[in-house]
Amino acid sequence: MTVRTTSKTVTFMHPFSLSGAIEAHPAGTYTVETDEELLQPSSLPAYRRIATLLRLERNTGAVLTQIVETNPVELAAALARDATAGRNGAATGSPAKLSCLEKGAWPMDSFREGWKEWVTLNATDLTWMALVIGGVLFTTLLMRG
């Protein structure tokens, strides 16, 4: 089994929390590592995500690092909430407190940002899905003609 690990950084402008966390994590830059396994060695490699890890570092005199497995969809949602809170000056991102929602100014922008983050975190899965759909369409065309 071939496994590859990709790493990227994400920045939260406000404190955030993910499910299973005892307390909110402070604003800052975090490293997200994604482990993917090669589905089958071929001319077009395709990978499947097997783990998404978030590196939490605390500096309390000594640097303490904790690595937690996280749901990439939940992480993308937390980033979208953080971006929304930044646009409106609110730290909560609660729709009831967002004046822009009442005006209808940003829902589509928020959706686009969340979608971009989701696509970034799920690019391998989307590539695999496109290959499968393309193969089905190609096979269907061969069977008809």
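Since this is a predicted model, take the numbers as computed values, not measurements. (Residues numbered from 1 in each chain as written. Predicted model: local features only at pLDDT ≥ 70, side-chain atom pairs only at ≥ 80, totals over all residues. Heavy atoms only, no water.)

**Regarding the pattern of salt bridges**
Alright, step 1. Following the criterion strictly, the structure yields three salt bridges and no others.
Alright, step 2. Here R55 and E33 are joined by a salt bridge, their closest N and O atoms 2.7 Å apart. Of this pair, R55 sits in strand β3 (residues 47–60) while E33 is found in strand β2 (residues 28–38), placing the two residues 22 residues apart along the sequence.
Alright, step 3. On the basis of relative accessibility, which here comes to 25%, the residue R55 falls in the partly exposed class.
Alright, step 4. Residue classification places E33 among the buried residues on the basis of a relative accessible area of 18%.
Alright, step 5. Note that R48 and E37 form a salt bridge whose closest N and O atoms lie 2.3 Å from each other. With R48 in strand β3 and E37 in strand β2, this residue pair connects regions lying eleven residues apart in the sequence.
Alright, step 6. For E37, a relative accessible area of 12% puts it in the buried group. (Salt bridge = Lys/Arg side-chain N within 4 Å of Asp/Glu carboxyl O. Helix = DSSP H or I, 4+ residues; strand = E, 2+ residues; numbered from the N terminus. Buried < 20%, exposed > 50% of the residue type's maximum accessible area, 1.4 Å probe, protein only.)

**Structural notes on the layout of surface pockets**
Regions of empty space are outlined by a rolling probe, equal in size to a water molecule, passed over the atoms.
Alright, step 1. What the largest pocket holds in volume is close to 300 Å³.
Alright, step 2. Looking at the largest pocket, it is lined by 18 residues, and the ones nearest its centre are A21, H25, L56, Q66 and V68.
Alright, step 3. Examining the composition of the lining of the largest pocket, we find that five residues originate from one element, strand β4 (residues 62–69), more than from any other.
Alright, step 4. By residue class, the composition of the lining of the largest pocket is seven nonpolar, seven polar and four charged. (1 Å grid on protein atoms, 1.4 Å probe; cavity = no way out; pocket = protein on both sides within 12 Å on 5 of 7 lines; lining within 4 Å. Points joined across faces, edges and corners; volume = space filled by probe spheres on them. Nonpolar A, V, L, I, M, F, W, Y, C, P; charged D, E, K, R; others polar.)

**Quick word on the packing of aromatic side chains**
Alright, step 1. All chains considered together, the criterion is met by three aromatic pairs.
Alright, step 2. Relative to F16, the ring of F12 lies with its centre 3.7 Å away and its plane at 10°, an arrangement referred to as stacked. As far as burial versus exposure is concerned, F12 and F16 are alike and both buried.
Alright, step 3. These aromatic residues form a ring-pair network of at least three members: F12, F16 and Y30.
Alright, step 4. Between the NZ or CZ atom of R4 and the centre of the ring of Y47, over which it lies, the distance is 3.7 Å. (Phe/Tyr/Trp six-rings, centres within 6.5 Å; stacked < 30°, edge-to-face > 60°. Lys NZ or Arg CZ within 6 Å of the ring centre and 35° of its normal.)

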